[in-house]
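Coordinates in review
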Amino acid sequence: MEAQPVLSALADDLFLSKLNLAGTHDSATAFCNMRRMAQCQALSIADQLRAGVRLLDLRLFYKSGRFFLVHSRADCFTDATCSQRLLFGDVFALCLRFLEEHPRETLVVSVKSDRKKEPADFFPVFYERFIRPDPDRWFLENRVPRLSECRGKLVLLRRCERPAGFETRKACGLDFSDWEDQGSRRYTQPVHMHLNERVSADIQDRYHLAPTVKWQRAAKPFLDCAAPNEAHICLHFLSTCGGSHVPRETAAPVNAAFAAYPLRTDRAQGWFLLDFIDRALCDKIALSNFRFCPGSTAEVSP
């Protein structure tokens, strides 16, 4: 699979939040145990990047100095043999290699501590291991960058805590640490978050709704009204485990509904995180940007 140049042809002055980005929910689960309940992707992370995914949702379990990729109680592995645990270092190296080969692209990386209570040293150790040695690999400010500021870089979306007094408090990424769980079966409205006094976000992640309810009462209404701007991010989780609690089954009707949904031609609607994404869905999202971004030339293959 040849890599898609999703962002390369877009104008440098565009804010990342004012673009539609394809992302994956529980991105590292293509190869995992407890597959029926835990697998959320069919494509490896490498294949996701080649397909056009530019937002990765990475759930980590920190133990004995290592950051393992997990999905709750399930473990993630490097390949289909499930013989070697997948570590963040593996994914980090893969992402850096992708950006070296495609320096006009960017990747948003969501980092969350999963499984058990978050250790107090989770982010400090993560920072020392993966950020401090070469901070120029990252965009670390708690604001939305323009493409010119983040090309060839990882944009940190931090869903873990930054300890009080941490020395790099002004360079710890987009601060999504105050994340409100949306597993309710009753409520369907997105959650509004203030990342700081200048940046905000709306998040729709109603993951306990049955697929039809999820689409009709949560996902589609939020898509219809989403209006991201340079200081406002819209995150659409199209994933859900409601109903059968089997991601492959719950993803199919939601993905089909989204595939048929006409994205706006006058503005972006946000960043999308899907289960079992494929290239066609990535293309739908990537190509939509060329309809409302002046001065850009579509390079994505039909």
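See above for the structure.
Residues numbered from 1 in each chain as written. Predicted model: local features only at pLDDT ≥ 70, side-chain atom pairs only at ≥ 80, totals over all residues. Heavy atoms only, no water.

1. Thoughts on the layout of surface pockets
Here the largest pocket defines a volume of roughly 670 Å³. Lining the largest pocket are 26 residues; nearest its centre among them are Asp-26, Arg-59, His-71, Ser-72 and Tyr-207. For the lining of the largest pocket, the class distribution of residues is nine nonpolar, eight polar and nine charged. (1 Å grid on protein atoms, 1.4 Å probe; cavity = no way out; pocket = protein on both sides within 12 Å on 5 of 7 lines; lining within 4 Å. Points joined across faces, edges and corners; volume = space filled by probe spheres on them. Nonpolar A, V, L, I, M, F, W, Y, C, P; charged D, E, K, R; others polar.)

2. Examining the packing of helix H7 (residues 247-260) against helix H8 (residues 279-292)
H8 packs onto H7 with a crossing angle of 35 degrees between their chain directions and a minimal axis gap of 10 Å. Once H7 is placed against H8, the crossing between them reads as left-handed. Here H7 contributes Asn-255, Phe-258 and Ala-259 to the contact with H8, which in turn contributes Leu-281, Lys-284 and Ile-285. Counted by class, the contact of H7 with H8 contains four nonpolar, one polar and one charged residues. (Axes fitted to C-alpha atoms, helices over the stretch in contact; angles between N-to-C directions. Helix = DSSP H or I, 4+ residues; strand = E, 2+ residues; numbered from the N terminus. Left-handed = near helix turned anticlockwise from the far one by under 90°. Contact = heavy atoms within 4.5 Å.)

3. Some remarks on helix H6 (residues 211-225)
In this model H6 runs 20 Å from its N-terminal to its C-terminal C-alpha over 15 residues, within 8% of the 21 Å that 1.5 Å per residue would give. Its axis deflected by about 35 degrees at Ala-219, H6 carries its strongest bend there, up to four residues before the proline Pro-221. All of the buried residues along H6 are Pro-211, Lys-214, Trp-215, Ala-218, Ala-219, Phe-222 and Leu-223. Lining the buried residues of H6 we find strand S10 (200-204), strand S11 (232-237), H7 and strand S12 (271-274). (Expected span 1.5 Å × (residues − 1). Bend = angle between axes of the 7 residues up to and from the residue. Buried < 20%, exposed > 50% of the residue type's maximum accessible area, 1.4 Å probe, protein only.)

4. Here's the deal with the packing of aromatic side chains
When we look at a pair of aromatic rings, we describe it by the centre distance and by the angle of the planes. Under the defined criterion, the tally for this structure stands at 19 aromatic pairs. Both rings, one in Phe-258 and one in Phe-272, keep their centres 5.3 Å apart while their planes meet at 45 degrees; by these two values the pair is tilted. Note that Phe-258 is positioned in helix H7 and Phe-272 in strand S12, a separation of 14 residues in sequence. Across the pair, Phe-272 and Phe-258 agree in class, each one buried. Taken together, Tyr-62, Phe-67, Phe-88, Phe-92, Phe-122, Phe-123, Phe-126, Tyr-127, Phe-130, Trp-138 and Phe-166 form an aromatic cluster joined through their ring pairs. For the cation-ring pair, Arg-159 lies above Trp-179, with the distance from its terminal atom to the ring centre recorded as 3.6 Å. Positioned above the aromatic ring of Phe-258, the side-chain terminus of Lys-284 is 5.5 Å from the ring centre. (Phe/Tyr/Trp six-rings, centres within 6.5 Å; stacked < 30°, edge-to-face > 60°. Lys NZ or Arg CZ within 6 Å of the ring centre and 35° of its normal.)

5. Things to note about the pairing of strand S1 (residues 21-24)
Neither face of S1 is left uncovered, since the one carrying Leu-21 and Gly-23 and the one carrying Ala-22 and Thr-24 both have all their residues buried. With four bridges joining them, S1 and S12 adopt parallel strand pairing. Bridge pairing links Gly-23 to Leu-273 in S12. Where S1 and strand S2 (residues 55-63) come together, two bridges link them in parallel fashion. Counted as the bridge partner of Thr-24 is Leu-56 from S2. (Pairing = 2+ DSSP bridges.)

6. Examining the pairing of strand S5 (residues 107-113)
Of all seven residues in S5, seven are buried, a share of seventy percent or more. Residues Leu-107, Val-109, Val-111 and Ser-113 point to one face of S5 and Val-108, Ser-110 and Lys-112 to the other, with burial holding for every one of them. Sheet topology note: the S5/strand S7 (residues 154-158) ladder contains five bridges and is parallel. Counted as the bridge partner of Val-109 is Leu-156 from S7.

7. Digging into the side chain of Gln-41
Within the element layout of this structure, Gln-41 appears in the loop between helix H1 (35-38) and helix H2 (45-51). The class of Gln-41 is buried, set by a relative accessible area of 1%. There is a polar contact of 2.9 Å between the side chain of Gln-41 and the backbone oxygen of Leu-274. Those residues in contact with Gln-41 that sit more than four places away from it in its chain are Thr-24, His-25, Asp-26, Ser-27, Thr-29, Ala-30, Gln-48, Leu-274, Asp-275, Phe-276 and Ile-277. (Polar contact = N/O pair within 3.5 Å; in protein donor to acceptor, adjacent residues only side chain to side chain.)

8. Structural notes on the packing of H6 against H7
At a closest axis distance of 10 Å, the pairing of H6 and H7 adopts a crossing angle of 35 degrees. In terms of crossing hand, the pair formed by H6 and H7 is right-handed. For the pair H6 and H7, contact is made by Pro-211, Lys-214, Trp-215 and Leu-223 and by Thr-250, Pro-253, Val-254, Ala-257 and Phe-258, respectively. Residues that form the contact of H6 with H7 fall into these classes: seven nonpolar, one polar and one charged.

9. Focus: helix H4 (residues 122-130)
Of all nine residues in H4, seven are buried, a share of seventy percent or more. Contact partners of the buried residues in H4: S2, strand S3 (66-71), helix H3 (88-101), S5, strand S6 (138-139) and S7.

10. A short note on empty space enclosed by the protein
According to the stated counting rule, one finds two cavities of 30 Å³ or more in the structure shown. By volume, the largest cavity amounts to about 50 Å³. Elements with a minimum of two residues in the lining of the largest cavity: S2 and S11. When its residues are assigned to classes, the lining of the largest cavity shows six nonpolar, one polar and two charged. Contributing to the lining of the second largest cavity are Leu-58, Phe-88, Val-91, Phe-92, Cys-95, Val-109, Trp-138 and Leu-154.

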